[in-house]
Amino acid sequence: MSETIEVENVTHPGKTYRANAAKYAAMREAMLAVLPSDVPGMKVADVIAAVKPKLPAELFPGGEKAGWWVKCVQLDLEAKKLIARAEKPPVRLYRLAGH
């Protein structure tokens, strides 16, 4: 069985969920590498496209499930105040200062 970690969800404060630790770590690293620190940030579809080449093939063969993992890590990093969403639609993500 794979190791898991607890992740937060900005839309459900105080509640945690279990997620595969290796996939989470790989996606977190990839997302923080591609997200700009400038507002308005990147559209989620662009984030998904940008992280796919950075993900280990053994965890994400062919980029499989990358969209789900972007969302999982997005909500956790927002809860931890490492990234934020731009105020106006569409959803755009950016790194907060110092991260």
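See the structure above.
These figures come from a predicted structure and were not determined experimentally.

Draft legend 1. Fine view of the side chain of E78. Relative to the assigned elements, E78 resides in helix α3 (residues 66-79). The class for E78 is buried, based on a relative accessible area of 9%. Among all residues touching E78, those that are not within four sequence positions of it are V10, I83 and R85.

Draft legend 2. Spatial organisation of helix α2 (residues 44-51). When we look at burial in α2, the residues that qualify are V47, I48 and V51. Burial along α2 is one-sided: seen end-on, the buried residues are contained in an arc of 100°. On the buried face of α2, the contacting elements are α1 (21-34), β3 (42-43) and α3.

Draft legend 3. Molecular detail of the nonpolar core. In terms of nonpolar packing, the biggest core is built from 24 residues, with M27, M31, V47 and V51 touching the most fellow members. Only α1, α2 and α3 provide two or more residues apiece to this core. Apart from residues lying up to four places away in sequence, M31 is in contact with V47, V51, V70, V73, Q74, I83 and L93.

Draft legend 4. Summary view of the pattern of salt bridges. One pass over the structure, following the stated rule, counts four salt bridges. Salt-bridge contacts for R18 lead to E6; the nearest nitrogen and oxygen are separated by 3.6 Å. Here E6 lies in strand β1 (residues 4-8) and R18 lies in strand β2 (residues 16-20), a separation of twelve residues in the sequence. Assessed through its relative accessible area of 51%, R18 is described here as exposed. The exposure class assigned to E6 is partly exposed, which follows from its relative accessible area of 48%. Each of E8, D76 and K80 takes part in one network of salt bridges that share partners.

Draft legend 5. Highlighting the sheet that holds strand β5 (residues 92-95). Pairing is antiparallel across the open sheet formed by three strands, whose spatial order is β3-β5-β4. Since the sheet does not close on itself, it has two edges, and those belong to β3 and β4 (83-85), each with one partner. Sheet topology note: the β3/β5 ladder contains two bridges and is antiparallel. Residue K43 lies in a different strand from β5, and its bridge partner there is R92.

Draft legend 6. Geometry of the pairing of β5. Inspection of the sheet shows β4 paired to β5 by three bridges, in the antiparallel sense. Residue pairing across strands places I83 opposite R95, the latter belonging to β5. Hairpin connection, β4 to β5: the antiparallel pair is bridged by six residues.

Analysis parameters
- Residues numbered from 1 in each chain as written.
- Predicted model: local features only at pLDDT ≥ 70, side-chain atom pairs only at ≥ 80, totals over all residues.
- Heavy atoms only, no water.
- Helix = DSSP H or I, 4+ residues; strand = E, 2+ residues; numbered from the N terminus.
- Buried < 20%, exposed > 50% of the residue type's maximum accessible area, 1.4 Å probe, protein only.
- Contact = heavy atoms within 4.5 Å.
- Arc of directions from axis to C-beta.
- Core = buried A, V, L, I, M, F, W, Y, C linked by side-chain atoms within 4.5 Å.
- Salt bridge = Lys/Arg side-chain N within 4 Å of Asp/Glu carboxyl O.
- Pairing = 2+ DSSP bridges.

Function-wise, these values are silent; they only describe arrangement.
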